[in-house]
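A structural walkthrough
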Amino acid sequence: MTNIDSDNSREWAAQAYALLKKRQEEQKQELQKQEEQKQELQKQEEQKQELIDNTNKEKFPGQSKTIAETELGEFDDNFTWSAMVLAAQGKKINQISIDEIDWLTKLRRGLEETRKGFVTELLDKLGDDPLTPESLDDLETLLIRADVGIDSTDKVINSLRTKLNEEVLGGEAGIKFLKKELKLIIDKPIKNSGTDILVPQKGKLNVWLLVGVNGVGKTTTLGKLAYLSSKSNYKTLIAAADTFRAAAVEQLKVWGDRSNVDVISNQSKNADPAAVVFDAINSAKKRNVDLLLVDTAGRLQTKNNLMDELAKIKKIIDKKVPDAIVESLLVLDASQGQNGLKQAKSFAKSADLSGAIITKLDGTSRGGVSLAVSEEVNLPIRFIGAGEGIKDLRPFNSYEFVEAMLADK
Ligand SMILES: Nc1nc2c(ncn2[C@@H]2O[C@H](COP(=O)(O)OP(=O)(O)OP(=O)(O)O)[C@@H](O)[C@H]2O)c(=O)[nH]1
Ligand SMILES: [Mg+2]
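Residues numbered from 1 in each chain as written. Chains lettered and ligands numbered in written order. Predicted model: local features only at pLDDT ≥ 70, side-chain atom pairs only at ≥ 80, totals over all residues.

Let us look at the overall build of the protein. When its secondary structure is counted, the protein shows 15 helices and eight strands. Here the C-alpha radius of gyration of the protein, 24 Å, is about what a compact globule of 409 residues would show, namely 22 Å. Oriented by its inertia axes, the alpha-carbon framework of the protein measures out at about 80 × 55 × 35 Å. (Helix = DSSP H or I, 4+ residues; strand = E, 2+ residues; numbered from the N terminus. Rg over C-alpha atoms; globule rule 2.2 N^0.38 Å.)

Structural data, given as structure tokens:
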């Protein structure tokens, strides 16, 4: 990546910042103008109708549902770093958005604890000296401590060792090589899947099942996905197939409401999750839906029940829409570290998974578990979540992830 300390980089970032600031001002003015026009129209309508009733509110819907625009923060080191990460991926100055900068800042901040665990320590240990076999031993310990997993760690350390036999590596070159190796590990299952970024295929019904143990963030992630999907103009629908937890439907409806996406549910006690999915598919077909997001239960009486239920849901989908594109996405809470990895392995054995979503990357020291999931469970990571807000989920980008995990400042 470009060195963010260089004058050129700062100058580039400063220009990007000025451009975003200007764009934000223009947007604010435009919004204000629209708001004034709306109010003016509303006033005229009210004057026309002697009877002022609630119908006026219905004519101007959506105000409470509008998700606030992200505010441009300070021009600081976070901004410069984020702008540089985007620039290194070929983004031009006028292609950068505040949302992207905001996300990268969050990701970098979120991975701070993971980073503190090893990069900072590693850099302290290395200083400017070349890497030695002893520093590799330190690195090995640090990687294991960051929950990168034994297999991934072995792979990285072996590559570094081979490299050290060939040439002398200084601290900075060592970090660069390390980033490359970590990226290779995360990218492998993504490359193998043949799909770099998971998006719904147009013209077909796409069904994404969110599965995982209780409390990992399935419902929250589904809410964020509904927002991303509808914002990207995919016709989206939610199926509330967690019928085990009483409050699950209400929780989903709140998310559905925020992104204007309907929720298909059955509130009767002990409703059959597969029956909810059945209804949702009918509805999806009628409405020409692109993406049906299915929330599933994280806890049932026994683990076998959970797997049986998922199998039943899948069977219904296969039967009703054999040409649907089905994705079973395992949601994993990064803060659970190796425990999360165990869950992933056990789910992968019983449920036919096609990808993983890593959540709660904000404020955990165990972000390295993402590498273990890629290496040991061979699952492509599709999205990552770093916060409880509706915008705190993004398609997974291995370059950004590794840069954030190893950012040296
Ligand atoms: N900090 C943080 N919290 C999150 C994130 N994703 C989810 N959460 C929180 O984790 C808690 C559990 O989230 P849910 O979405 O209800 O988890 P679930 O997997 O649906 O849980 P069950 O339905 O009980 O199985 C909630 O308090 C969420 O706000 C995240 O990326 N960051
Ligand atoms: Mg849930």
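Let's shift gears to the site of ligand 1. By nearness alone, 21 residues border ligand 1, and Gly217, Thr219, Thr220, Gly298 and Gly385 come closest of all. The leading source of residues in the shell around ligand 1 is helix H9 (residues 218–231), at three residues. Residues that form the shell around ligand 1 fall into these classes: three nonpolar, 10 polar and eight charged. (Near = placed C-beta within 6 Å. Nonpolar A, V, L, I, M, F, W, Y, C, P; charged D, E, K, R; others polar.)

In this section: the nonpolar core. Formed by 100 residues in total, the largest nonpolar core has its most connected members in Ile238, Leu292 and Val294. It is helix H3 (residues 77–88) that contributes the most residues to this core, seven residues altogether. Beyond its immediate sequence surroundings of up to four residues, Val294 is in contact with Val207, Trp208, Leu209, Leu210, Ala239, Ala241, Val277 and Ile313. (Core = buried A, V, L, I, M, F, W, Y, C linked by C-beta atoms within 7 Å. Buried ≥ 20, exposed ≤ 12 C-beta atoms within 10 Å, placed from the backbone. Contact = placed C-beta atoms within 7 Å.)

This paragraph deals with the packing of H3 against helix H4 (residues 98–110). Two measures define how a pair of helices packs: the angle their axes make with one another and the distance between the axes. Where H3 meets H4, the closest approach of the two axes is 9 Å, and the angle between their N-to-C directions is 110°. Looking at the two axes, H3 sits roughly perpendicular to H4. Seen from H3, the contacting residues are Asn78, Phe79, Trp81, Ser82, Ala83, Val85 and Leu86; seen from H4, they are Glu100, Ile101, Leu104, Thr105 and Arg108. Here the contact of H3 with H4 is built from residues that sort into seven nonpolar, three polar and two charged. (Axes fitted to C-alpha atoms, helices over the stretch in contact; angles between N-to-C directions. Parallel < 35°, antiparallel > 145°, perpendicular 65-115°, else oblique.)

Bringing unusual backbone geometry into the picture now. Its identity is not glycine, yet Lys360 carries a phi of approximately 55°, on the positive side. As for its position among the elements, Lys360 is in the loop between strand S6 (355–359) and helix H14 (369–376). For Asn378, which is not glycine, the phi torsion reads 60° and is therefore positive. In this structure, Asn378 sits in the loop between H14 and strand S7 (381–385).

The next point concerns the pairing of S6. Burial analysis of S6 places five of its five residues in the buried class, which makes it a mostly covered element. Along S6, one buried face is formed by Gly355, Ile357 and Thr359 and the opposite face, lined by Ala356 and Ile358, is buried too. Chirality of the crossover, the property in question, places the unit of strand S5 (residues 325–333), helix H13 (residues 337–350) and S6 among those that are right-handed. Relative to S7, S6 runs parallel, the two being bridged by three bridges. Looking across to S7, one finds that Ile357 is bridged to Phe383. The parallel pair S6 and S7 is bridged by H14, and the resulting crossover is right-handed. (Right-handed = clockwise from strand over helix to strand, strands pointing away. Pairing = 2+ DSSP bridges.)

Of the residues in the protein, 91% reach a pLDDT of 70 or more, and the chain-wide mean stands at 87. Predicted confidence is poor over residues 54–64, with pLDDT under 50, and the contacts of this stretch with residues over four places away or in other chains come to six contacts. (pLDDT = per-residue confidence, 0-100.)

Note on sheets: strands pair through backbone hydrogen bonds, and any given pair is parallel or antiparallel. Strand order in the open sheet formed by eight strands is S3-S2-S4-S1-S5-S6-S7-S8, and the pairing between neighbours is mixed. Where the open sheet ends on each side, the last strands, each with one partner, are strand S3 (262–264) and strand S8 (393–395). In this sheet, adjacent strand axes meet at a mean angle of 25° when their direction is disregarded. Both strand S1 (residues 206–211) and strand S4 (residues 291–296) contribute to a ladder of five bridges, which runs parallel. Counterpart to Leu209 in the pairing with S4 is Val294. Seen against the sheet, helix H10 (residues 248–258) touches strand S2 (236–241), S3 and S4 and runs at an angle of roughly 170° to S2.

Here we take up the pairing of S5. For S1 and S5, the ladder comprises six bridges, and the chain directions are parallel. The partner of Asn206 across the bridge, within S5, is Ile325. Across five bridges, S5 lies against S6 in parallel orientation. Pairing of Leu332 across the sheet is with Ile358, part of S6.

Looking at the element boundaries, Arg366 is found in the loop between S6 and H14. For Arg366, a count of 25 C-beta atoms within 10 Å translates into the label buried. Along the chain, Arg366 and Asp333 lie 33 residues apart, while their C-alpha atoms are 9.7 Å from each other.

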